[in-house]
Amino acid sequence: MPASPSAASADALAEFVRRLPKAELHLHIEGTLEPELIFRLARRNHVALPYDSVESLRAAYAFTNLQSFLDLYYAGAGVLLTEQDFHDLTAAYVQRARADGVVHAEIMFDPQTHTARGVAIETVFAGIAGALREARDRHGFTSCLLMSFLRHLSEQDAFETLEAALPLRKQYADLWIGIGLDSAERGNPPEKFARVFARCRELGFRLVAHAGEEGPAAYVGDALDLLHVERIDHGVHSEEDPALMRRLASQRIPLTVCPLSNLKLRVVDDLSRHNLARMLRAGVNVTLNSDDPAYFGGYVLDNYVASARALSLSPVEIGQLAANSLAASFLPDADKARLARDLASVLAQCPAP
Ligand code: HPA
Ligand code: ZN
C-alpha cells in the first residue's frame, strides 16, 4: 500500500511512464558508471581511488557547473581498462534502461577519454558493442552508437580519433552510425569542429552535437548551420533567440533535453523553472533523456516523473515526449512506425495518472 495519496499518485505516474515505449537519445555510457561499479572495477583492475567508500564518492557529486562535473566524470572513467569493463558498464545501463521502459537507446561514448590513458580504441568498441548485441539478441533492445569528440581537445585530435576508428567501421556497422560532440562548451564553439564534421558527413555518419547547454543560442544555430547536425543535445538556451525557436519548431529539429542534468549542473536552479514544457508547448520537438544518470541522480523514468511533477505535464504531453523520442531517433522508418503504433496502443489502454 502506498504510504499517502501523493505516494499513490507518484507510483501511478511512474507506472504510466514506465509502460510507454520510449527511446533514450542523449546518454553518455561513461556517465552510467555508478559509484558501486567504480569501486568494483577499481578492485578488479588494482586502480587506487582517492575515496575510501562508495558513500564518500557519491558525496563528491555536488556540482557547481559543467566543468566541475566533467573533472569527476573523466576521473571516474579511469577504472575502465578492459573489454570486460566496457561490457559490464554497458550491460548495467541496458538493464536499468529496460526497467524504465526504454526500448531503444542511442549511446554516446568518448574514445579520447580512454585512448589518452592507453586503452586501445578496439577495446572500447568491442566491450560496448558486445553488450549491445547481447541486449538486441536476448531482449530485442535496439541501440546505436554515436562516437563523440571532446570539444576541449583540438580538431586535429578529433581527426586522429576518427582515423583510428574508421578501420572498425565495417565490423561495427550494425551499431556505429553517428558522431557527436561533447565536453566543455563555452569557449569551444561549433566552428572549431567544422572540418572534421564535414568529413564525417561525407562519410555518411548521422550527426549530433551538444549546444546551448551552458553556451549561448548562437551555438545552437552554428551547430545546425556549420556542423549540419540533425539533432541538438540539450539546446535549452535556444529560447534566448525567438527566431531560432521558430526555426526549431517549424523544421521539427529535435532537442535532447536532460532535466535532471540541467538541475545538477545548475543550468536551471529549480525544475519548476525549466523551459522544456514551454518549448514543448511552442511546438519544439523536445525529448527527455538522462545524460549521465549515475552522476545526476536519475535515469530516464526519473527524468520524466520529476519533470511531469515539477511542470504539471499532462498525460497527453507525457505521451508526446515519448512519441517525440521515437520520431527523433535514427531508427529506420518502419521501426519508428511500429513503435509509434505500440505507443499509441499503450496510451489508449493505460489509465492516465
Ligand atoms: N555536456 C557536455 N559534455 C558532457 C556531458 C554534458 O552534459 N555529459 C558528458 N559529457
Ligand atoms: Zn550530454
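Definitions and limits used
Numbers given for residues are sequential positions, taken from 1 along each chain in its written order. Here every chain gets a letter starting at A, and every ligand a number starting at 1, in the order they are written. A pLDDT threshold of at least 70 governs which residues receive local features in this predicted model, and a stricter bar of 80 or more applies before side-chain atom pairs are shown or counted, although totals over entire chains, interfaces and linings include all residues. Side-chain numbers here rest on the full set of heavy atoms in the structure, without hydrogens or water. Starting at the N terminus, helices and strands are each numbered in turn, a helix being any DSSP run of H or I of at least four residues and a strand any DSSP run of E of at least two. Atoms considered for the radius of gyration are the C-alpha atoms alone. The globule rule reads 2.2 Å times the number of residues to the power 0.38. Contacts between residues were defined by any pair of non-hydrogen atoms, one from each residue, lying within 4.5 Å. A simple rule labels every residue: compare its accessible area, found with a 1.4 Å probe on the protein chains alone, to the largest value its type can have, and call it buried under 20%, exposed over 50%, or partly exposed in between. For Na, K and Ca the donor cut-off is 3.2 Å, while for other metals it is 2.8 Å, and in both cases only N, O and S atoms qualify; water is not among them, so sites may look incomplete. Key to geometry: four donors with every angle between 85 and 135 degrees are tetrahedral; four donors are square planar and six octahedral where opposite donors lie over 155 degrees apart and all remaining angles lie between 65 and 115; all other sites are irregular. We call two strands paired when DSSP finds no fewer than two bridges between them. Pairing of aromatic rings covers Phe, Tyr and the six-membered ring of Trp, with a centre-to-centre limit of 6.5 Å; geometry is then stacked below 30 degrees between planes, edge-to-face above 60, and tilted otherwise. Here, a charge over a ring is recorded when the distance from Lys NZ or Arg CZ to the ring centre is within 6 Å and its angle to the ring normal is within 35 degrees. For this purpose, a residue is taken to be near a molecule or strand whenever a single non-hydrogen atom of the residue falls within 4 Å of it. Counting of polar contacts relies on pairs of N or O atoms within 3.5 Å, with two restrictions inside protein: one atom must be capable of donating a hydrogen and the other of accepting it, and residues adjacent in sequence are counted only when both atoms are side-chain atoms. Residue burial considers only the protein chains on display, and all accessible areas are found by Shrake-Rupley using a 1.4 Å probe. The distinction between a cavity and a pocket rests on a 1 Å grid over the protein atoms alone: a 1.4 Å probe fits inside a cavity but cannot get out, while a pocket stays open yet meets protein on both sides within 12 Å along at least five of seven lines, and a residue with an atom within 4 Å of a point counts as lining. Cavity and pocket membership follows a simple rule, namely that a molecule belongs there if more than half of its atoms are within 2 Å of the grid points. Here, axes are lines fitted to C-alpha atoms. For helices the fit covers the stretch in contact, and angles between N-to-C directions go from 0 to 180 degrees. Between 65 and 115 degrees an angle is taken as roughly perpendicular, under 35 as roughly parallel, over 145 as roughly antiparallel, and anywhere else as oblique. Definitions for this section: a left-handed crossing has its near helix turned counterclockwise from the far helix by less than a right angle. A right-handed crossing has that turn clockwise. When residues are grouped by polarity, Ala, Val, Leu, Ile, Met, Phe, Trp, Tyr, Cys and Pro land in nonpolar, Asp, Glu, Lys and Arg in charged, and all others, Gly among them, in polar.

(A) Region of the structure containing the overall build of the protein chain. Each helix and strand in the protein chain was counted, giving 17 helices and 8 strands. The C-alpha atoms of the protein chain give a radius of gyration of 19 Å, which matches the 20 Å a tight globule of 353 residues would have. Principal axes of the C-alpha set define a box for the protein chain whose edges measure 50 × 45 × 40 Å. At a minimum sequence separation of 6, the contacts of the protein chain that also span at least 24 residues come to 77%.

(B) Quick peek at unusual backbone geometry. A positive phi is found at R252, a non-glycine position, where the angle reads about 50°. Assignment of secondary structure puts R252 in the loop between α11 (242-250) and β7 (254-257). The exposure class of R252 is partly exposed, given its relative accessible area of 38%. In this model, D291 sits at a positive phi of 70°, which is unusual for a non-glycine residue. Inspection of the secondary structure puts D291 in the loop between β8 (285-288) and α14 (293-296).

(C) Quick look at the coordination of the zinc ion (ligand 2). Taken together, H26 (NE2), H28 (NE2), H210 (NE2) and D291 (OD) make up the protein donors of the zinc ion (ligand 2), found 2.0 to 2.2 Å from the metal. One can describe the site at the zinc ion (ligand 2) as irregular: its 4 donor atoms subtend angles covering 82 to 175° at the metal. As a motif over one chain, the donors of the zinc ion (ligand 2) read H-x1-H-x181-H-x80-D. With H28 in strand β1 (residues 22-28) and D291 in the loop between β8 and α14, the pair connects residues that are 263 residues apart, well separated along the chain. Both residues of the pair, H28 and D291, count as buried.

(D) The arrangement of the pairing of strand β2 (residues 102-109) in detail. Counting buried positions over the 8 residues of β2 gives 7, a clear majority of the element. Relative to strand β3 (residues 142-150), β2 runs parallel, the two being bridged by 6 bridges. Each bridged residue has a counterpart across the sheet, and for I107 the counterpart in β3 is L145.

(E) Summary view of the packing of aromatic side chains. For the structure shown, the criterion picks out 14 aromatic pairs. Arranged with centres 4.9 Å apart and planes meeting at 35°, the rings of F69 and Y73 form a pair that is tilted. Separated by 4 residues within a single helix, F69 and Y73 lie in helix α4 (residues 66-76), roughly one turn from each other. Residue F69 shares its accessibility class with Y73, and that shared class is buried. Look at F149 and F197: their rings are 6.3 Å apart centre to centre, the planes differ by 75°, and that puts the pair in the edge-to-face class. One end of the pair, F149, is in strand β3; the other, F197, is in helix α9 (residues 194-202), with 48 residues separating them in the sequence. There is no split in this pair, since F149 and F197 are both buried. Joined through ring pairs, the aromatic side chains of Y61, F63, F69, Y73, Y74, Y295 and F296 make up one cluster. If you follow K22 out to its NZ or CZ, it ends over the ring of Y304, 6.0 Å from the centre. Cation over ring: R169 sits above F205, and NZ or CZ is 3.9 Å from the ring centre.

(F) Broad picture of the site of ligand 1. Surrounding ligand 1, one finds H28, L66, F69, L70, Y73, D182, S183, H210, E213, H234, D291 and D292. Contact distances for ligand 1 include 3.1 Å between an oxygen atom and a side-chain N or O atom of H234. Taking 260 Å² as the accessible area of ligand 1 by itself, protein coverage stands at 100%. Put simply, ligand 1 lies in the largest cavity.

(G) The arrangement of the packing of helix α10 (residues 217-225) against α11 in detail. Look at α10 against α11: their axes get within 10 Å of each other, and the N-to-C directions meet at 45°. When the axes of α10 and α11 are compared, the pair comes out oblique. When the axes of α10 and α11 are compared, the crossing they make is left-handed. Counting all contacts with α10, which are made through A217, V220, G221, L224 and D225, the residues of α11 involved are L244, R247 and L248. In the contact of α10 with α11, the residues fall into 5 nonpolar, 1 polar and 2 charged.

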